[in-house]
Amino acid sequence: MSEQTRHDKAEATRGMSARRRGMLLATLVAAAGIAFVGAGVGFVGFLSQLRGVETKPVNNADGIVVLTGGSSRISDAVELLAGGYGKRLLISGVHPTNGVSDISRSLPDSQQLLTCCVDLDRSAVNTRSNASETRRWVDEQGFRSLIVVTSNYHMPRAIVELSHAMPNVTLIPFAVIGDKWREEPWWTSGTTLRLLLSEYVKYLAAEARVRLAYLGLEFFPENGEQPTGALEPRRPAPG
């Protein structure tokens with residue numbers, strides 16, 4: 001083989017490698033662009049689910065559950081209970097050291113309701129365990145419908161988890177609107193935007209996990225499926 005032939009073959013090989021790298025780069029750029037557009041469209045769809053005003057439920061339910069973590073969630077849930085929208089209220093995700101007396105101090109006018117008709121769940125540590133503990137409470141009470149109280153940005157993920165845990169229970173959302181949401185548009189606040197983006201990612205992860213579970217692919221099974229005394233919602237003691 002002549003020197004010229006070897007040189008031509010080497011040039012052809014380098015040319016093919018360059019074309020392959022170019023095609024790979026173009027494919028990666030296109031995939032990243034599609035993913036970016038898809039994420040943007042999905043985020044808009046996520047935002048469209050968020051309510052901007054608080055509206056009382058159209059129908060009553062057997063029970064009410066409030067997922068702790070945001071301002072005024074508990075007071076709004078107690079107000080719904082007082083209005084007869086449900087028979088009992090579960091406060092899910094209460095700190096292990098907190099009791100009914102701690103809640104009573106912030107809601108002094110609701111002492112009687114807190115004593116008679118409110119249960120505390122101190123076991124849940126995240127939205128998924130909120131759903132698991134709520135399911136146990138609903139089963140114990142024999143409820144078939146539930147008003148769900150949580151912040152508007154958290155509601156889509158809460159409904160995904162609760163629907164998966166209790167597919168035969170009717171869920172009625174009551175979205176709590178925070179003061180910051182009322183005071184300024186979310187797109188003008190970096191803090192609110194970061195919160196929404198973070199919640200959107202968690203929502204996508206919950207959706208993906210639930211959809212895979214429906215296909216029989218449970219990569220992260222729940223722990224402690226069997227109820228125990230330590231995990232059951234506790235009825236607050238009088239006083």
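Residues numbered from 1 in each chain as written. Predicted model: local features only at pLDDT ≥ 70, side-chain atom pairs only at ≥ 80, totals over all residues. Heavy atoms only, no water.

Side note on the state of the cysteines
Then, number 1: As enumerated under the stated definition, the model contains one disulfide in all.
Then, number 2: The residue that forms a disulfide with C116 is C117, at a sulfur-sulfur distance of 2.3 Å. Between C116 and C117 the sulfur-sulfur dihedral comes to about -85 degrees; the bridge is accordingly left-handed.
Then, number 3: Judged by its relative accessible area of 16%, C117 falls in the buried class. (Disulfide = S-S within 2.5 Å. Buried < 20%, exposed > 50% of the residue type's maximum accessible area, 1.4 Å probe, protein only.)

Examining the sheet that holds strand β3 (residues 118-121)
Within a sheet, each strand pairs with its neighbour through backbone hydrogen bonds, oriented either parallel or antiparallel.
Then, number 1: A sheet is described by the order of its strands in space; here five strands give the open sequence β3-β2-β1-β4-β5, paired in parallel fashion. Either end of the sheet is taken by a strand with one partner, and the two such strands are β3 and β5 (170-176). Going across the sheet, the axis of each strand differs from the next one's by a mean of 20 degrees, ignoring polarity.
Then, number 2: Set on the sheet, helix α2 (residues 73-82) makes contact with β1 (63-67), β2 (88-92), β3, β4 (145-151) and β5; between it and β1 the angle comes to about 175 degrees. (Pairing = 2+ DSSP bridges. Helix = DSSP H or I, 4+ residues; strand = E, 2+ residues; numbered from the N terminus. Axes fitted to C-alpha atoms, helices over the stretch in contact; angles between N-to-C directions. Contact = heavy atoms within 4.5 Å.)

With respect to the packing of aromatic side chains
Then, number 1: Taken as a whole and assessed by the stated rule, the structure comprises three aromatic pairs.
Then, number 2: Ring geometry for F46 against Y200: centres 5.6 Å apart, planes inclined by 45 degrees, an arrangement best described as tilted. Of this pair, F46 sits in helix α1 (residues 3-48) while Y200 sits in helix α8 (residues 190-214), and the two are 154 residues apart along the sequence. One exposure class covers both F46 and Y200, and it is buried.
Then, number 3: Considering the side-chain rings of W137 and F143, the 5.4 Å spacing of their centres and the 80 degrees angle between planes classify their relative orientation as edge-to-face.
Then, number 4: For F143, a relative accessible area of 6% translates into the label buried.
Then, number 5: Connected via pairs of aromatic rings, a cluster forms that spans F46, Y200 and Y203. (Phe/Tyr/Trp six-rings, centres within 6.5 Å; stacked < 30°, edge-to-face > 60°.)

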